[in-house]
Amino acid sequence: MKKHDLIVIGAGPGGYVAAIRAAQLGLDVACIEEEEALGGTCVRVGCIPSKALLEASERYHAAGHDLADFGIKVAGVELDLARMLERKTKVVSQNTGGVAYLFKKNKITRYRGHGRITGPGRVVVEGQDANELEAKHVLIATGSSVAPLRGVTLDGDRIGTSTEALSYPEVPKHLVVIGAGYIGLELGSVWNRLGAKVTVLEYLERILPGMDSDIAEEAERIFTKQGIEFRLGSKVTGARRDGDKVFVSVEGQPDIECDRVLVSVGRVPNTTGLGLDTVGIELDPRGRIPIDDDFRTYVSGFYAIGDVVRGPCWRTRPKKRASPVSSTS
Ligand SMILES: Cc1cc2nc3c(=O)[nH]c(=O)nc-3n(C[C@H](O)[C@H](O)[C@H](O)COP(=O)(O)OP(=O)(O)OC[C@H]3O[C@@H](n4cnc5c(N)ncnc54)[C@H](O)[C@@H]3O)c2cc1C
């Protein structure tokens, strides 16, 4: 049994920032992460790689299309996709390496494996660094995963998620994006700028559900001008792969033939196999861990942060606490 002041489960932006800050404030911190690289969805397969590709594809598109208006002639613009993806991978490893450096600098003990709560202040690590840990405080920062869509089975290749869409080995001729949230739209726009025909299927009658409707309307106008086709009010009922082709079934419409499908219909909190029941942490109706404004769950000694709790990750900072968590309190 290893003792620490704080155990953080998950090393995404919720977990790693908390771990580093707690260590800077003097706590002995352990962080359990099942992936080899630190940084979570955001750094490995989310915000960072998607923004690296957004920037690269924007530059490519500008060189080929937009600069002429400024009186700049660029001849022979060519896409080197392998190089573009290589740069994205490099940006990711610089960032994951940066988190690893900060863990080392702040003397955070990293355990590789799956963290499971077994009782008050107790967490087991299952996997590579198998161990039993004990601490007064436990922070759950396990993030979220891609939400499934009924009738569509992911194959990790032609029918995939944002993770696959960050690394397509060639520009799809026709990419169908299911779900007009920000993840589908940003990756749809990347591949559209690189030359793919992109069709976005959205169940609702608007894009960017949950976001300001004026901004969504303006965004739809801009994306349409860029060449993305929107089919709003479209209910996808299935996707069938046939060799290198995929046929997407939409209620009341003919099947759509394409060569890649990106399923991006939302994300769900990661709470399965966490052992929350062993300490009596109950989930809210949307499967998230309920917290107060100080990220405390309703079970003493347990905290939660990030995609596993309510609100977008850029939610307003909660009111300041009188004092930070201390190893003695
Ligand atoms: C393509 C894409 C683009 C995005 N772009 C943006 C953006 O521009 N801006 C923005 O704010 N957000 C963006 N997001 C969302 C952002 O990635 C998440 O909001 C953020 O990563 C949530 O952080 P987190 O720490 O809660 O969880 P995560 O980053 O998901 O990290 C959780 C970590 O916990 C680990 N884990 C889970 N369960 C266990 C367990 N039991 N034991 C051990 N480890 C475990 C996981 O392996 C993971 O590394 C994007 C997401 C995607 C997919």
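In the block above lies the structure referred to throughout.
Residues numbered from 1 in each chain as written. Predicted model: local features only at pLDDT ≥ 70, side-chain atom pairs only at ≥ 80, totals over all residues. Heavy atoms only, no water.

Engineer: Even after reading the chapter, I still don't get the site of the ligand, so can you show me in this structure?
Structural biologist: Around the ligand there are 36 residues in total, and Gly 14, Glu 33, Thr 41, Lys 51 and Gly 115 lie nearest to it. Here a nitrogen atom of the ligand sits 3.3 Å away from a polar atom, N or O, in the side chain of His 114. Interatomic distance of 2.8 Å between a backbone N/O atom of Asp 307 and an oxygen atom of the ligand. If the ligand stood free it would expose 1000 Å²; the protein chains cover 91% of that surface. (Near = heavy atom within 4 Å. Polar contact = N/O pair within 3.5 Å; in protein donor to acceptor, adjacent residues only side chain to side chain. Areas by Shrake-Rupley, 256 points an atom, 1.4 Å probe, with all protein chains shown as cover.)

Engineer: Which parts of the structure should I look at to understand the packing of helix α1 (residues 13–24) against helix α4 (residues 81–105)?
Structural biologist: Axis angle and axis distance: for two packed helices, these are the angle between their axes and the distance between the axes, and together they describe the pair. The geometry of α1 relative to α4 is characterised by a closest axis approach of 9 Å and an angle of 25° between their N-to-C directions. Judged on the interaxial angle alone, α4 and α1 are roughly parallel. Relative to α4, α1 is oriented so that their crossing is left-handed. Contacts between α1 and α4 pair Tyr 16, Ala 19 and Ile 20 from the former with Val 99, Leu 102 and Phe 103 from the latter. (Axes fitted to C-alpha atoms, helices over the stretch in contact; angles between N-to-C directions. Helix = DSSP H or I, 4+ residues; strand = E, 2+ residues; numbered from the N terminus. Parallel < 35°, antiparallel > 145°, perpendicular 65-115°, else oblique. Left-handed = near helix turned anticlockwise from the far one by under 90°. Contact = heavy atoms within 4.5 Å.)

Engineer: Would you take a moment to explain the pattern of salt bridges for this structure?
Structural biologist: Side-chain pairs of opposite charge can arise where the charged atoms are in close proximity. Summed over the entire model, instances satisfying the criterion amount to 22 salt bridges. For the salt bridge of Arg 83 with Glu 86, the shortest nitrogen-to-oxygen distance reads 3.7 Å. Taken together, the residues span about one helical turn, with Arg 83 and Glu 86 both in helix α4 at a distance of 3 residues. Under the relative-accessibility criterion, Arg 83 is labelled partly exposed at 46%. A salt bridge links Lys 235 to Glu 251, with the shortest nitrogen-to-oxygen separation between them at 3.9 Å. One end of the pair, Lys 235, is in the loop between β11 (229–232) and β12 (236–242); the other, Glu 251, is in the loop between β13 (245–250) and β14 (256–258), and 16 residues separate them in sequence. In this structure Lys 235 comes out as partly exposed when scored by relative accessible area, which is 36%. Residues joined by salt bridges that share partners form a network here, namely Asp 155, Asp 157, Glu 170, Arg 241 and Arg 260. (Salt bridge = Lys/Arg side-chain N within 4 Å of Asp/Glu carboxyl O. Buried < 20%, exposed > 50% of the residue type's maximum accessible area, 1.4 Å probe, protein only.)

Engineer: Sorry, what's going on with the sheet that holds β14 here?
Structural biologist: Note on sheets: strands pair through backbone hydrogen bonds, and any given pair is parallel or antiparallel. The 3 strands lie next to each other as β12-β13-β14, forming an open sheet whose pairing is antiparallel. On the outer flanks of this sheet lie β12 and β14, each paired with one strand and no other. Pairwise comparison of adjacent strand axes, ignoring direction, gives a mean angle of 20° for this sheet. Note that β12 and β13 share 6 bridges and pair antiparallel. In the strand pairing of β13, Val 236 is matched with Val 250. (Pairing = 2+ DSSP bridges.)

Engineer: What am I meant to see in the pairing of β11 here?
Structural biologist: Put simply, side chains in a regular strand alternate between the two faces of the sheet. Across 4 bridges, strand β10 (residues 197–202) lies against β11 in parallel orientation. Counterpart to Thr 199 in the pairing with β11 is Glu 229. Read as a crossover between parallel neighbours, the route from β10 over helix α7 (residues 213–226) to β11 is right-handed. (Right-handed = clockwise from strand over helix to strand, strands pointing away.)

Engineer: Which parts of the structure should I look at to understand the side chain of Glu 33?
Structural biologist: As for its placement among the helices and strands, Glu 33 is situated in strand β2 (residues 29–33). Put simply, Glu 33 is tucked away with no salt bridge, and the nearest opposite charge, on Arg 44, sits 4.9 Å away. There is a polar contact of 2.8 Å between the side chain of Glu 33 and the backbone nitrogen of Glu 35. Sequence-distant contacts of Glu 33, that is, excluding residues within four places in its chain, are made with Gly 10, Ala 11, Gly 12, Leu 38, Arg 110, Tyr 111, Arg 112 and Gly 113. (Lys, Arg positive; Asp, Glu negative; His and termini not counted.)

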